[in-house]
Amino acid sequence: MSDHPEAPAAPVAPVEAYEPPYYVAVFTTVRTQDQSGYSETNARMEDLVKDVPGFLGMDHAQTPGGLGITVGYFRDADALTEWRSNAEHRAAQKRGRAEWYQSYTLHVAKVERSHGFTRG
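One structure accompanies this document, and this report is about it. (Residues numbered from 1 in each chain as written. Predicted model: local features only at pLDDT ≥ 70, side-chain atom pairs only at ≥ 80, totals over all residues. Heavy atoms only, no water.)

With respect to the packing of helix 2 (residues 77-85) against helix 3 (residues 87-100)
Where helix 2 contacts helix 3, the axes come no closer than 5 Å and their chain directions differ by 60°. Our classification of the angle between helix 2 and helix 3 gives oblique. Residues Trp-83, Arg-84 and Ser-85 of helix 2 touch helix 3, and the partners they reach there are Ala-87, His-89 and Arg-90. The residue inventory of the contact of helix 2 with helix 3, partitioned by class, reads 2 nonpolar, 2 polar and 2 charged. (Axes fitted to C-alpha atoms, helices over the stretch in contact; angles between N-to-C directions. Helix = DSSP H or I, 4+ residues; strand = E, 2+ residues; numbered from the N terminus. Parallel < 35°, antiparallel > 145°, perpendicular 65-115°, else oblique. Contact = heavy atoms within 4.5 Å. Nonpolar A, V, L, I, M, F, W, Y, C, P; charged D, E, K, R; others polar.)

Description of the nonpolar core
Formed by Ala-25, Met-45, Leu-48, Val-49, Val-52, Phe-55, Phe-74, Ala-79, Leu-80, Trp-83 and Ala-92, the largest nonpolar core amounts to 11 residues. Elements that contribute at least two residues to this core include exactly helix 1 (38-49) and helix 2. Setting aside anything within four residues of it in sequence, one finds Val-52 in contact with Ala-79, Glu-82 and Trp-83. Judged by nonpolar contacts, the second largest core, of 8 residues, contains Tyr-18, Tyr-22, Tyr-73 and Val-111. (Core = buried A, V, L, I, M, F, W, Y, C linked by side-chain atoms within 4.5 Å. Buried < 20%, exposed > 50% of the residue type's maximum accessible area, 1.4 Å probe, protein only.)

Some words on the environment of Ala-98
For Ala-98, the position within the fold is in helix 3. With a relative accessible area of 65%, Ala-98 lands in the exposed category. For the pair Ala-98 and Leu-48, spaced 50 residues apart in the sequence, the C-alpha separation amounts to 21 Å.

A word on unusual backbone geometry
In this chain, Pro-20 is followed by Pro-21 through a cis amide linkage whose omega measures 0°. Here Pro-21 is to be found in the segment before strand 1 (22-31).

Observations concerning helix 3
Relative to the 20 Å expected for 14 residues at 1.5 Å per residue, helix 3 spans 19 Å between its end C-alpha atoms, a close match to the ideal helical length. Where helix 3 is buried, its residues touch strand 1, helix 1, helix 2 and strand 4 (101-111). By the N-cap criterion, in which a side-chain oxygen at the helix start approaches the backbone nitrogen of a residue two or three places on, helix 3 is capped by Asn-86, the distance to Glu-88 being 2.9 Å. (Expected span 1.5 Å × (residues − 1). Polar contact = N/O pair within 3.5 Å; in protein donor to acceptor, adjacent residues only side chain to side chain.)

A look at the pattern of salt bridges
Under the defined criterion, the tally for this structure stands at 2 salt bridges. When the shortest N-O distance is used, the salt bridge between Arg-44 and Glu-88 registers 2.7 Å. Residue Arg-44 is located in helix 1, and its partner Glu-88 is located in helix 3; the two are separated by 44 residues in the primary sequence. By relative accessible area, which is 38% here, Arg-44 ends up partly exposed. One salt bridge in this structure joins Arg-95 and Glu-99, with 3.1 Å as the shortest N-O distance. Of the two residues, Arg-95 and Glu-99 both sit in helix 3, 4 residues apart, roughly one turn of that helix. Accessibility expressed as a relative area gives 31% for Arg-95, which makes it partly exposed. (Salt bridge = Lys/Arg side-chain N within 4 Å of Asp/Glu carboxyl O.)

Digging into the packing of aromatic side chains
Scanning the model with the defined rule gives 8 aromatic pairs in all. Centre to centre, the rings of Tyr-18 and Tyr-22 are 6.0 Å apart; their planes meet at 80°, and the pair counts as edge-to-face. In terms of burial, Tyr-18 and Tyr-22 fall into one category: buried. Between the aromatic rings of Tyr-38 and Tyr-101, the centroid separation amounts to 6.3 Å while the plane-to-plane angle is 90°, which identifies the pairing as edge-to-face. (Phe/Tyr/Trp six-rings, centres within 6.5 Å; stacked < 30°, edge-to-face > 60°.)

See the structure below:
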């Protein structure tokens, strides 16, 4: 089960390592059986967050057992606050608690060190 079954095949790569400090929001989920409307709402949230000044990118992973992890990267706390307080995002959060998530955790952290590697 994938969070993005409709996504076209694209090269898989993590969000690049940015110069710290910046912030991450790590959203880990287990979803319910009823996912009616989830894909559309998820796609809308991905489009919407891109409009937040300071949004740096997002990584997703899904285990075969159903654990989903989404990491959002934000340049500063103001960008994260803007996303957290967005009215459409708040409505999607409410619907997620009511319908789509069996459980979830959210961890927000300030990144103090970051580096990356790409095989050339």
